[in-house]
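Fold and geometry: a report
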Amino acid sequence: RDPATMASKVAGQFAHMKNVAAEFVRAKPNLFELAKQLPQYGVGSRFTRARWEHRGAPDSYWTVMRMKPKASGRAGRAWGQLTWKGEAKEGVRRIPGTMKAGIWRVL
């Protein structure tokens, strides 16, 4: 067995697995995984955390104003305006917890 041939086979298999992983959608997606399924990568959409309503904060959500996703589409940075209990907070700021899986819902 030629070591160069074996290395190229392994590299080819790894590249294939990387492509498969990129297309995989988790059962509990994070904010970026939800946003990439929406038009304009979710800009203008409203996202809420699953627990907010249960903890006495209905009508609380983030309106996404800007997204800067990484090439994988699973990570990055997001900015938006927070509306808390029906009252819009001033300014656009970075949305915390965007990478946490399973806590985000699209409104």
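Starting afresh in each chain, residues are numbered from 1 along the sequence in its written order. Whole-chain, interface and lining totals are the exception, using all residues; otherwise, since this is a predicted model, local features are given only for residues with pLDDT of at least 70 and side-chain atom pairs are given and counted only at 80 or more. Only hydrogens and water are removed before side-chain values are computed, so all heavy atoms of the structure are retained for them.

Here we come to the pattern of salt bridges. As a working rule, side chains carrying opposite charge can pair if their charged atoms are close by. By definition, a salt bridge exists where a carboxyl oxygen of Asp or Glu is found within 4 Å of a side-chain nitrogen of Lys or Arg. Under the defined criterion, the tally for this structure stands at 2 salt bridges. One salt bridge in this structure joins arginine 74 and glutamate 33, with 2.9 Å as the shortest N-O distance. Of the two residues, arginine 74 sits in the loop between β2 (61-69) and β3 (76-84) while glutamate 33 sits in helix α2 (residues 31-35), which places them 41 residues apart along the sequence. We call a residue buried when its accessible area falls under 20% of the maximum for its residue type, exposed when it is over 50%, and partly exposed in between, using a 1.4 Å probe and counting protein chains only. What makes glutamate 33 buried here is its relative accessible area of 2%. Arginine 105 serves as the salt-bridge partner of glutamate 53, at 3.7 Å between the closest nitrogen and oxygen. Of this pair, glutamate 53 sits in helix α3 (residues 50-54) while arginine 105 is found in strand β6 (residues 104-106), placing the two residues 52 residues apart along the sequence. A helix here means a DSSP run of H or I that spans at least four residues, while a strand means a run of E at least two residues long, and both kinds are numbered starting from the N terminus.

Turning our attention to the pairing of strand β1 (residues 46-49). Here, a strand pair is defined by DSSP locating no fewer than two bridges between the strands. Note: β1 against β2, 2 bridges, orientation antiparallel. The residue of β2 that forms the bridge with arginine 46 is threonine 63. As defined by bridge partners, β1 adjoins β6 across 3 bridges and the pair is classed as antiparallel. If you follow threonine 48 over to β6, its bridge partner there is arginine 105.

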